[in-house]
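Summary of the model geometry
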Amino acid sequence: MALNKAMLIGNLGKDPEVRHLESGVPVVTIPLATTERYKDRNGEVKEQTEWHNVVLWRSWAEFAEKYLRKGMQIYVEGKIRSRSWEDQSGQKRYITEIVADVVRMLGRKSDNEHQGAAAAKPAVVSAPTPPPAEEVLVEQQEGDDLPF
């Protein structure tokens, strides 16, 4: 059995821009910042920010274009994927991405800073419809005797 799942809460680094593949399938890649705050040995508060490349496909890409904006706080759930390609100069490049299955809008960074995190109201938006069953890859394992 294998599990590949990432769950992140962070702020968008820029507005989403939808691009379309030759087949017409929409895709969005947006940077998501997660910041960890901690106290060092001297009691000073330190921050460490990690940037994540989030990829949204099909109806999630359209959702992102319509509702998501730079600075918004979102929850993302998805799979971690690494890929490589050769750039224009012939150099091999690598990237690690989160391919999102679930996206939830939690608020804007400015909302949380001015009102406090508990006071920010989550946005209510209907989620995109899931892709047709034939597009969903389901791995079944023989002899799986889980009760659910």
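Read on for a plain summary of the structure. Just so it is clear, the model here is predicted, and its values are computed rather than measured.

**Remarks on the overall build of the protein**
Looking only at helices and strands, the protein has two helices and six strands in total. Ordered by position in the sequence, the α and β elements of the protein form the string β-β-β-β-α-β-β-α. Relative to its full complement of 148 residues, the protein shows a buried share of 28%. Across the protein, contacts joining residues at least 24 apart in sequence account for 58% of those joining residues at least 6 apart.

**Topic: the pairing of strand β1 (residues 6-12)**
In terms of burial, β1 is a largely internal element, five of the seven residues being buried. Both β1 and strand β5 (residues 72-86) contribute to a ladder of six bridges, which runs antiparallel. Counterpart to L8 in the pairing with β5 is V76. Alignment of β1 against strand β3 (residues 26-39), held across two bridges, turns out to be antiparallel. Within β3, the position partnered with N11 by the bridge is A33.

**Structural notes on the side chain of E97**
Its place among the elements puts E97 in strand β6 (residues 92-108). Residue E97 is classed as buried on the basis of its relative accessible area, which comes to 6%. Side-chain polar atoms of E97 contact the side chain of R83, separated by 2.9 Å. In this structure E97 touches N53, V55, K79, I80, R81 and R83, once residues within four positions along its chain are discounted.

**Re the packing of aromatic side chains**
Applying the stated rule across the entire model yields two aromatic pairs. Centre to centre, the rings of W60 and F63 are 5.3 Å apart; their planes meet at 90 degrees, and the pair counts as edge-to-face. Of this pair, W60 and F63 are both found in helix α1 (residues 58-67), three residues apart, which corresponds to roughly one turn of the helix. Here W60 and F63 have matching classes, each one buried. Seen in terms of ring centroids, F63 and Y67 are 5.4 Å apart; in terms of plane orientation they differ by 45 degrees. Their pairing is tilted. Placement of the pair is F63 and Y67 together in helix α1, with a separation of four residues, close to one helical turn. Through pairs of rings, three or more aromatic residues link up here, namely W60, F63 and Y67.

**Concerning α1**
The set of residues buried in α1 consists of W60, A61, F63 and A64. Burial along α1 is one-sided: seen end-on, the buried residues are contained in an arc of 160 degrees.

**What to know about the pattern of salt bridges**
Counted according to the given criterion, the structure contains six salt bridges. For D40, the salt bridge is made with K46, and the minimal N-O distance between the two is 4.0 Å. Between R83 and E97 there is a salt bridge; the shortest N-O distance is 2.9 Å. You can see R83 sitting in strand β5 and its partner E97 sitting in strand β6, a full 14 residues away along the chain. Among the residues examined, R83 registers a relative accessible area of 42% and is labelled partly exposed.

**Structural notes on the nonpolar core**
Formed by 20 residues in total, the largest nonpolar core has its most connected members in V54, L56, L68 and V103. Mapped onto this core, the elements with two or more residues apiece are β1, β3, β4 (45-57), α1, β5 and β6. L68 has contacts with L12, P16, I30, F63, I74, V103 and M105, leaving out every residue within four places of it along the chain.

What counts, and at which threshold
Residues numbered from 1 in each chain as written. Predicted model: local features only at pLDDT ≥ 70, side-chain atom pairs only at ≥ 80, totals over all residues. Heavy atoms only, no water. Helix = DSSP H or I, 4+ residues; strand = E, 2+ residues; numbered from the N terminus. Buried < 20%, exposed > 50% of the residue type's maximum accessible area, 1.4 Å probe, protein only. Contact = heavy atoms within 4.5 Å. Pairing = 2+ DSSP bridges. Polar contact = N/O pair within 3.5 Å; in protein donor to acceptor, adjacent residues only side chain to side chain. Phe/Tyr/Trp six-rings, centres within 6.5 Å; stacked < 30°, edge-to-face > 60°. Arc of directions from axis to C-beta. Salt bridge = Lys/Arg side-chain N within 4 Å of Asp/Glu carboxyl O. Core = buried A, V, L, I, M, F, W, Y, C linked by side-chain atoms within 4.5 Å.

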